[in-house]
Amino acid sequence: MLQEMVRSQFCLAIPEIEGWSLRIFDAIALGCIPVLLTNQVNLPFESFLDYSEFAIKVPEDEKDGIVNTLRAIPADKLREKQKALEKAAPALLWPEVGGFRQGDALDFFLKEMQLKLRFQRNSPYRFWTEPVAFG
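**Student:** Any chance you could break down the overall build of the chain for me, citing the residues and the numbers?
**Tutor:** Scanning the chain from terminus to terminus reveals five helices and three strands. Each of the 135 residues in the chain was classed as buried or not, and the buried ones make up 33%. Contacts spanning at least 24 positions in sequence make up 43% of the contacts within the chain whose residues lie at least 6 apart. When the accessible area of the chain is evaluated, it comes to approximately 9,700 Å², of which 55% is carbon and sulfur surface.

Here it is as structure tokens:
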């Protein structure tokens, strides 16, 4: 299957529980433009990455016309998406064990956690930010 993805210009990422699947990471790692078949989705590191630059979102109710939708994309727009995909790929790829680079998935994960912690500190819900007494 990976060989087919390497040869493909588009890779379909069928939604799972969160509205996206791990297939999106496979597609990006292999240089294949991810096609997200979903209406509503929260993607990894969306606070930092503009997925519209390198992925294509097709609403679920338009799935029957997906082939025509993809064929209608102008070649220059596809080249732009491919370049943006190459630029964004490191942000969605995890480093080797013990490795860390600014702008890789681990870096963005830590930044996301910082944002969530800031939100939690300002939230009236204190479960995660204050000690809990047992007993």
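**Student:** Give a description of the state of the cysteines that names residues and reports values.
**Tutor:** Enumeration according to the criterion identifies one disulfide in this entry. The disulfide that involves Cys-11 links it to Cys-32, with 2.0 Å between the sulfurs. Between Cys-11 and Cys-32, the disulfide has an S-S torsion of 110° and is therefore right-handed. With Cys-11 in strand β1 (residues 10-13) and Cys-32 in the loop between α2 (23-29) and β2 (33-37), the pair connects residues that are 21 residues apart, well separated along the chain. Comparing Cys-11 with Cys-32 shows no difference in burial state: the two are buried.

**Student:** Can you lay out the sheet that holds strand β3 (residues 56-58) for me, pointing to particular residues and giving the numbers?
**Tutor:** Pairing is parallel across the open sheet formed by three strands, whose spatial order is β1-β2-β3. Two strands bound the open sheet, and with one partner strand each, they are β1 and β3. For this sheet, the mean angle separating the axes of adjacent strands, direction not counted, is 25°. Taken together, the four bridges between β1 and β2 define a ladder with parallel strand orientation. Across the sheet, the residue bridging to Cys-11 is Pro-34, located in β2. Running at roughly 100° to β2, helix α4 (residues 75-88) makes contact with β1, β2 and β3 of the sheet.

Reading the values: the criteria
- Residues numbered from 1 in each chain as written.
- Predicted model: local features only at pLDDT ≥ 70, side-chain atom pairs only at ≥ 80, totals over all residues.
- Heavy atoms only, no water.
- Helix = DSSP H or I, 4+ residues; strand = E, 2+ residues; numbered from the N terminus.
- Buried < 20%, exposed > 50% of the residue type's maximum accessible area, 1.4 Å probe, protein only.
- Contact = heavy atoms within 4.5 Å.
- Areas by Shrake-Rupley, 256 points an atom, 1.4 Å probe, with all protein chains shown as cover.
- Disulfide = S-S within 2.5 Å.
- Pairing = 2+ DSSP bridges.
- Axes fitted to C-alpha atoms, helices over the stretch in contact; angles between N-to-C directions.

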